[in-house]
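Architecture and fold: a report
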Amino acid sequence: MVRFYNVIELESQIKEISHQNIIKNDELIVPLLAIEIDITESKIYLVMPYFALGDLSGTIYNNFMKNQPFSERMVIQFLTKASLALSYLLSNNIVHRDVKSSNFLVTKHTHDELDCVLSDFGFATSVSNIQMVIDDSSCTMKYASPELIETEMSTFKGDVFSLGCTLFEMMSFDFNTMLWKVIEQDEIKAKLFIKERIHKNFSEYSTACVDLVLSMLEKDPNNRPDYESIIKIAKEHYC
Ligand SMILES: Nc1ncnc2c1ncn2[C@@H]1O[C@H](COP(=O)(O)OP(=O)(O)OP(=O)(O)O)[C@@H](O)[C@H]1O
Ligand SMILES: [Mg+2]
């Protein structure tokens, strides 16, 4: 788990963040006691709008229950918006570190459209912030990158991996596999497994789309695309 030690830094970052694909936190409430005693042991409250459609993990589960795969158009729509949000955060020196389906709140969901905002900055940290603690009790293991598991450190490429896991969940309706584990065991077999799971659920996803997701799930962070490349590929192929 990564937490801000500096309330002033957290507050100023939250106030500065303004993007159409990122939740707008209206207010930060820090109990006085937390400032006076030990911020790391205390709760910080964020006031935010309520999203009646819930989060993306619920939407994925509902589609699974209705046996209704997401179209490629919706997958790419989501990927583009998520990448724009994460790229904006990165340009503000923020790595999210807890990218997962339940941290995207759904603003629109029709048969062929999906719109979400990225939420939850509880784990976000500035790229420059070296004062952080990591423990596995709250790190969301299922979406963790291999390097985070191995070294407890990661760059924005860790967020790219977690976004890849979110897309895998969306495209395969596999809610249980810890991809970092599968990839650690055998990278080539892992790629085959990922492709198979996705195509078993919905055979119509294009090779370009599946390959893009696979590239985000590369074991070596250097081989994963950055957000600009993801957005560019998504645009080239699907607009
Ligand atoms: N602004 C919101 N509007 C509507 N529902 C929300 C909102 N914020 C959170 N939720 C719902 O509450 C659930 C719990 O949110 P919370 O962020 O505490 O847990 P989480 O996302 O499952 O885990 P984590 O603490 O690791 O982010 C979310 O999954 C979502 O369904
Ligand atoms: Mg959350």
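Right, let's walk through the structure included here. (Residues numbered from 1 in each chain as written. Chains lettered and ligands numbered in written order. Predicted model: local features only at pLDDT ≥ 70, side-chain atom pairs only at ≥ 80, totals over all residues.)

**A closer look at the packing of helix α6 (residues 156-172) against helix α8 (residues 187-201)**
Keep this limit in mind: Only the stretch in contact is used when fitting a helix axis, every axis being a line fitted to C-alpha atoms; angles between N-to-C directions are given from 0 to 180 degrees. Each helix corresponds to a stretch of at least 4 residues labelled H or I by DSSP, and each strand to a stretch of at least 2 residues labelled E; elements are numbered beginning at the N terminus. We call two residues in contact whenever the C-beta atoms placed from their backbones are within 7 Å.
At a minimum axis separation of 8 Å, α6 and α8 run at an interaxial angle of 35 degrees. When α6 is examined against α8, the residues F168, M171 and S172 are found in contact with a partner set consisting of I194, R197, I198 and N201.

**Section: the site of ligand 1**
For clarity, the cut-off: Here, nearness means that the C-beta atom of a residue, built from backbone geometry, sits within 6 Å of the molecule or strand in question. Asp, Glu, Lys and Arg are counted as charged, while Ala, Val, Leu, Ile, Met, Phe, Trp, Tyr, Cys and Pro are counted as nonpolar; the rest, among them Gly, fall into the polar class.
Surrounding ligand 1, one finds 14 residues, the nearest of these being Y50, F51, D55, S102 and D120. Counted by class, the shell around ligand 1 contains five nonpolar, six polar and three charged residues.

**Re helix α9 (residues 207-216)**
Along an α-helix, residues three or four positions apart point the same way, because every turn accommodates 3.6 residues. For the record, the criterion: Around each residue's C-beta, the other C-beta atoms within 10 Å are counted; 20 or more make the residue buried, 12 or fewer make it exposed, and counts in between make it partly exposed. All C-beta atoms are placed from the backbone. Within this analysis, the arc is defined by the directions that extend from the helix axis to the C-beta atoms.
Residues of α9 that are buried include every one of C209, V210, L212, V213 and M216, and no others. Looking straight down α9, one finds its buried side chains confined to an arc of 155 degrees; they lie on one side.

**Quick word on the nonpolar core**
Quick reminder of the rule: Residues of type Ala, Val, Leu, Ile, Met, Phe, Trp, Tyr and Cys that are buried and joined through C-beta atoms within 7 Å form what is called a nonpolar core.
Among the nonpolar cores identified, the biggest contains 50 residues, and V75, L79, A82, L167, M171 and V213 are the most heavily contacted of them. Those residues in contact with L167, other than ones at most four positions away along the chain, are V75, L79 and V213.

**Topic: the environment of H96**
By secondary structure assignment, the location of H96 is in the loop between β3 (94-95) and β4 (104-109). Judged by C-beta crowding, with 26 C-beta atoms within 10 Å, H96 ranks as buried.

**Focus on the pairing of β4**
For the record, the criterion: One bridge is not enough; two strands pair if DSSP finds at least two bridges between them.
As paired strands, β4 and strand β5 (residues 114-118) are joined by five bridges and run antiparallel to one another. Bridge pairing in β5 links L105 to V117. Linking β4 to β5, which pair antiparallel, is a turn of four residues.

**Remarks on unusual backbone geometry**
The backbone of N67 sits at a positive phi, close to 55 degrees, despite the residue not being glycine. Here N67 lies in the loop between α3 (56-65) and α4 (72-91). Look at N67 and you get exposed, because 8 C-beta atoms sit within 10 Å. Of note, the phi angle at F173 is positive, near 60 degrees, even though the residue is not glycine. Overall, the presence of 21 C-beta atoms within 10 Å leaves F173 in the buried class.

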